[in-house]
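Each chain is listed here by its residues.
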Amino acid sequence: MGAADVVREGAGKAFLLCNEAIVRGALEADVKVVSAYPGSPTTEILDTFSEVSPKFDFKMEISANEKVALETCGGASMVGLRTMTSMKSVGMNVASDSFFSLSYTGVKGGMVVVMADDPHAHSSQTEQDGRSFGPNAYVPMLEPSNPTEAKRMVKAAYALSEKYGVPVLMRTTTRVSHQSGIVDLEPLDRKPFQKLPWTHPPGRFVTVAEAARTFKHALLERTKRIQEEFEASDLNTVTDTGSDFGIITSGAGYNYAAEACRILGIKPSILKLGTTYPLPNKLIAGFIKKLKTVIIVEELQPYLELHVTAIAKDANPSVRIYGKWTGHFSEALEYNPNIVADGIAKVLGTRPPVDYGAVLAKAAELKAGLMERPPTFCPGCPHRATLHALQEATRGTKHILATDIGCYSMSFLKPLEYGDSLLSMGACMGVAAGLQYAAQEKVIAMVGDSTFWHATMPGLVNAIHHNDDLTLIILDNEVTAMTGQQPDPGRDYNAGGQPAKPLVLEKVIEAMGISDITIVDPYQVKAAVVPIKQALSRKGPNVIISRRACALYADRNKRKRGETIGTNKVEKEVCKRPYTCIRGFYCPAISVDDDDRKAFITKELCDRCDVCAKLCPFGSIRPRQEGG
Amino acid sequence: MPEKEFSIYLSGVGGQGLVLLSNIIGSACAAAGIRAITGEQHGLSQRSGSINVHLRIGPEVISPLIPVGGADAILSLDSLEALRYVEYLRPGGVVLMNDRIQHPTIETAAHTKDKVAKYMSVEDVKERLTKVTDKIAVIDAMKLAAEAGTSLTENVVMLGALSTLEAFPVPEDALKRSIEENVPKKAVEVNLKAFDLGKKAAHDLLCNIVKCR
């Protein structure tokens, strides 16, 4: 499992997460430069590279954002090295400006861009379908269904990238990225890292005006040749059962479709597409020629359905095509085996052996009164304290809170239900600028340190330059917490623990032109209220920095240093049940004793941040003594 | 040896070591030449929220997600999280659940308003689950984990219990070797002890209702 198998020199079998298999594939392909910004569901690619990097000589960085990460790979691939970057769907939006241009200029060394969409928006702000980036940028796109295919496709992608001088997009989705399976490892045969000479004529990677027009003609030709190659590629597979009913699918859709066929006991012909841009039109035409009925199984947008429908116009106008347009499948949310089995059964006029609706209805009945357990701030999370102090400081003050992407996004959930807008990384600043133009209320923008470095700085430049009346509160917890506490530009180390130059938030902001900077410690939850209140009362733009390390990160460091993490307990005889530690607080470590209705702290969960202890009006929360 | 199919739904609360548990089983399968795949949850959902891993063993399984009504067993590190995914259990499937509940913060908040409300208990959960299966074993994994040496081994206690099932197609020695390879070196001994304690507990709590090895 994990990094130990990823670094294994020789061949063999290993149980790997798809994201780990992608890393193994890149290492087998002798990748030399890796740069990425974390984002679920791709984070484990970055984390695995980072963990194994001390054992190899590839260059790696955790970049400030996805655009920088992609450009870093682009630059290294221009020179001639093999590179990889990975990003979540919405990260591609950030990187896409240069992604389009790199398709025009091309690259020399193999460049693979892994992009993972998130159907169901498990950890994303939208259900964006990134498959449009392939055709829109004329970048070849591969889609694996499982870890074995992912590893194989990474290697195929490097070969393709170098053969045609173009970056290759590998598109996955959450249920592919976060699928583990048994993968065949091939030997690692790595050459020593070596800088290469720049061999290109001037202007080789410049695309604008006439250069862009020349590149465009060339990339159309390139795409045609790649399409010809894909027509015969073994990354696409046809299972011809002789049936006049067929399924066309790819990625996660294939997994569910194949399972649904097992469930329904049917054996349709299946075309599984691994190359989803450019599509192998002739292969698709040949496949549907023999069919009376074809079902398209794909999550999100009807991308394959659109193309199959267009191809069928000439190839087989009488074939009946079922998918989203016929209402058998939805463009919303992710699929699973039973959704796909139900959809296929509906087309065929049969029923699955299990009445899924009835099972779900019965389950709902059994679960009556079972409380939801949504993600929430961890015990010890400094955000809980900052938000408490911020709400105290703004009590009675009408204001609008433009928040941003990070753990603190969860402030919009219960119990706080606090926050008025959340669009995308760094958007709090631009939105706040608009809010202060239009709204009568005080405007507050809220962002974490990692998101500040990622995409908030241009918005702050804008707000300073235009003298916007707003307050930016930066929750500085030292790391990119939500994705697993990766170091950000504020830290003195980067991927694999390599030394890095730390940037100091207040110095950067001061240099940008703001001198009104207030720094508070959220763990001093009561003492932080007045400085926050005063800062908010002054004319903006000004900045509040609430600084305290992510509790998970701090605990990990404490354990490394051999320090124990203390816990608190409630002194029952002192507790008068004001529930200050519960209402508006929602710490997973605190519950109510069913018998005496007093607060109770679970020893195994408490982090001893002492924030609840400071808030308790009776002082009933105290350090737990040994064995207490 | 013809491989049998076995799908198990693992659930718990973020931070309980569910992904490590599935990795131990998956690596054991890789070493024993048994096919296994998982559908896991990483990211936002981990933050003290409900989490799950779909684990599927067998030569023909393709979907990383178990179909509704398709799990041979639910193994849960928190009783509430066994009930939360009950739709995945096939009728008469096995439920192995920890005798422990981390009360959801939303439920706790409701308790500050309603002075008589009781938390949903392990007994409540068991009572409800009996409507879909009579094969329910409740194991005090926290107690056994502490007995093994650290409360952090609850997940491996539950694995020890699972390993006794005749229908669970992963050999015990492969599981133990996988524990040795997947937990930190200094924690190997306590984890192997936790495994054995879980196994022993299952003999009393599980093997009287389900066919064991």
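Residues numbered from 1 in each chain as written. Chains lettered and ligands numbered in written order. Predicted model: local features only at pLDDT ≥ 70, side-chain atom pairs only at ≥ 80, totals over all residues. Heavy atoms only, no water.

### Here's the deal with helix H7 (residues 172-182) of chain B
Helical geometry: 3.6 residues make up each α-helical turn, so side chains three or four residues apart lie on a common side. Our working definition: The buried label applies to any residue whose accessible area, calculated with a 1.4 Å probe on protein chains only, is under 20% of its type's maximum; exposed applies above 50%, and partly exposed to all values in between. Put simply, DSSP marks the helices as runs of H or I at least four residues long and the strands as runs of E at least two long, and each gets a number from the N terminus on. Arc definition: directions from the helix axis to the C-beta atoms.
Within the span of H7(B), buried status applies to Ala174(B), Leu175(B), Ser178(B), Ile179(B) and Asn182(B). Around the axis of H7(B), the buried residues are gathered within 140° of arc, so they sit on the same side.

### Focus: the packing of helix H9 (residues 209-231) of chain A against helix H11 (residues 281-289) of chain A
Residues and elements named next belong to chain A. Note the cut-off: Where helices are involved, their axes are fitted lines through C-alpha atoms of the stretch in contact, as for all axes, and angles between N-to-C directions lie from 0 to 180°. Should an angle fall under 35 degrees it is called roughly parallel, over 145 degrees roughly antiparallel, and 65 to 115 degrees roughly perpendicular, with every other angle called oblique. Two residues form a contact once any of their heavy atoms are found within 4.5 Å. Classification used: nonpolar for Ala, Val, Leu, Ile, Met, Phe, Trp, Tyr, Cys and Pro, charged for Asp, Glu, Lys and Arg, polar for all others including Gly.
The contact between H9 and H11 brings their axes to 7 Å, and the two run at 40°. Taken together, the axes of H9 and H11 lie oblique to each other. Where H9 abuts H11, its residues Gln227, Glu228 and Glu231 lie against Asn281, Lys282 and Leu283. In terms of residue class, the contact of H9 with H11 is built from one nonpolar, two polar and three charged.

### Structural notes on the state of the cysteines
This is how it is decided: Note on disulfides: each one is a pair of cysteine sulfur atoms within 2.5 Å.
For the structure on display, the rule yields one disulfide over all chains. What pairs with Cys207(B) in a disulfide is Cys212(B), and their sulfur atoms sit 2.2 Å apart. Sign of the S-S torsion, about -85° for the bond between Cys207(B) and Cys212(B), identifies this disulfide as left-handed. Relative accessible area serves as the criterion here: at 22%, Cys207(B) is assigned to the partly exposed category. Free cysteine: Cys606(A), not disulfide-bonded; nearest cysteine sulfur from Cys612(A) at 6.4 Å. Exposure remark for Cys606(A): the relative accessible area of 13% places this residue in the buried category.

### Observations regarding the environment of Tyr37(A)
Residue and element names in this part refer to chain A. To keep it simple, the criterion reads: The term polar contact refers here to a pair of N or O atoms within 3.5 Å; inside protein, the definition further demands a hydrogen-donor-capable atom paired with an acceptor-capable atom, and it admits residues adjacent in sequence only when both atoms are side-chain atoms.
If you trace the backbone, Tyr37 turns up in the loop between strand S2 (33-36) and helix H3 (43-52). Apart from the residues lying within four places of it in its own chain, the contact partners of Tyr37 are Leu46, Ser63, Ala64, Asn65, Glu66, Ala69, Ser86, Met425, Ser450, Thr451, His454 and Thr480. A polar contact of 2.7 Å, which involves the side chain of Tyr37, links it to the side chain of Ser450.

### Side note on the pattern of salt bridges
All names here are of chain A. Test applied: Here, a salt bridge means any Lys or Arg side-chain nitrogen found within 4 Å of an Asp or Glu carboxyl oxygen.
All chains considered together, the criterion is met by 50 salt bridges over all chains. Here Glu229 and Lys163 are joined by a salt bridge, their closest N and O atoms 2.8 Å apart. Taken together, the residues Glu229 in helix H9 and Lys163 in helix H7 (residues 147-164) connect sequence positions 66 residues apart. A residue is classified by how much of its surface remains accessible, and Lys163, at 55% relative accessible area, is exposed.

### Focus: the packing of aromatic side chains
Residues and elements named next belong to chain A. Worth spelling out the cut-off: Each aromatic pair joins two rings of Phe, Tyr and Trp (for Trp, the six-membered one) with centres within 6.5 Å, and gets the label stacked for planes under 30 degrees apart, edge-to-face for over 60, and tilted for any other angle. Look at NZ for Lys and CZ for Arg. If either is within 6 Å of the ring centre and within 35 degrees of the ring normal, a charge sits over the ring.
Across all of its chains, the model carries ten aromatic pairs over all chains by this definition. Look at Trp198 and Phe205: their rings are 5.7 Å apart centre to centre, the planes differ by 55°, and that puts the pair in the tilted class. A relative accessible area of 14% means that Phe205 is categorised as buried. Positioned over the ring face of Phe205 is Arg204, at 4.2 Å from the centre of the ring.

### Digging into empty space enclosed by the protein
Rolling a probe over the atoms, with the probe sized like a water molecule, indicates the empty space that remains. Residue and element names in this part refer to chain A. Applied cut-off: Two kinds of site are reported from a 1 Å grid over the protein atoms alone, namely cavities, where a 1.4 Å probe fits but cannot get out, and pockets, open sets with protein on both sides within 12 Å along at least five of seven lines, and residues are called lining when an atom falls within 4 Å of a point. Grid points are joined across faces, edges and corners, and a volume is the space filled by probe spheres set on the points.
Applying the stated criterion across every chain, the model contains five cavities of 30 Å³ or more. The computed volume of the largest cavity comes to approximately 140 Å³. Every residue lining the largest cavity is counted, 18 residues in all, and those nearest its centre are Gly380, Phe585, Cys587, Cys609 and Cys612. Elements supplying a minimum of two residues to the lining of the largest cavity: helix H15 (382-393) and helix H21 (611-615). Classifying every residue of the lining of the largest cavity by side-chain character gives twelve nonpolar, two polar and four charged.

### Examining the packing of helix H4 (residues 66-79) of chain A against helix H5 (residues 89-105) of chain A
Residues and elements named next belong to chain A. Rule in force here: Helix crossings fall into two classes, left-handed where the near helix is turned counterclockwise from the far one by less than a right angle and right-handed where it is turned clockwise.
Relative to each other, H4 and H5 sit at 30°, their axes nearing to 7 Å. Accordingly, the angle class assigned to the pair H4 and H5 is roughly parallel. Considering only the axes of H4 and H5, their crossing is right-handed. Touching Glu66, Lys67, Leu70, Glu71, Gly74 and Met78 of H4 are Gly91, Val94, Ala95, Asp97, Ser98, Phe99 and Leu102, all from H5. Here the contact of H4 with H5 is built from residues that sort into six nonpolar, three polar and four charged.

### Some points on the domain arrangement of chain A
Residues and elements named next belong to chain A. Quick reminder of the rule: For the domains described, the bounds stem from an automatic or database domain assignment. Note on definitions: buried area is the accessible-area loss of two parts on being combined, 1.4 Å probe, summed for both.
Here the domain parsing of chain A yields domain 1 (2-192 + 203-231), domain 2 (237-365), domain 3 (382-558) and domain 4 (566-628). Just the C-alpha atoms count here: the centres of domain 1 and domain 2 sit 28 Å apart. With 31 residues of domain 1 in contact, the opposing surface of domain 2 contributes 28 residues. A combined buried area of about 2300 Å² lies between domain 1 and domain 2, and 51% of that area is made up of carbon and sulfur atoms. It is Arg131, Glu143 and Glu231 that lose the most area in domain 1 upon contact with domain 2, and together they represent 25% of the buried surface on that side. Scanning the region where domain 1 abuts domain 2 turns up four salt bridges. For the salt bridge of Lys282 with Glu228, the shortest nitrogen-to-oxygen distance reads 2.8 Å. Applying the counting rule to domain 1 against domain 2 returns 20 residue pairs in polar contact (both at pLDDT 80 or more). Secondary-structure elements contributing two or more residues to the side of domain 1 that touches domain 2 are helix H6 (133-137), strand S6 (141-142), H7, strand S7 (168-173), helix H8 (174-177) and H9. Per-element tally for the side of domain 1 that touches domain 2: the top contributor is H9, with six residues. Partitioning the side of domain 1 that touches domain 2 into residue classes produces twelve nonpolar, nine polar and ten charged.

### A few points about the interface of chain A and chain B
Think of interface size as the accessible area that goes away when the parts come together; that is how it is often given. The partner chain B presents 66 residues to the 67 residues of chain A that form the contact. Of the roughly 5700 Å² buried between chain A and chain B, counting both surfaces, carbon and sulfur atoms make up 60%. On the surface where chain A and chain B come into contact, there are seven salt bridges. The interface formed by chain A and chain B contains 26 residue pairs in polar contact (both at pLDDT 80 or more). Mapped by element, the contributors of at least two residues to the side of chain A that touches chain B are strand S1 (12-17), strand S8 (179-185), helix H10 (251-264), helix H13 (337-348), helix H14 (356-366) and strand S23 (590-592) of chain A.

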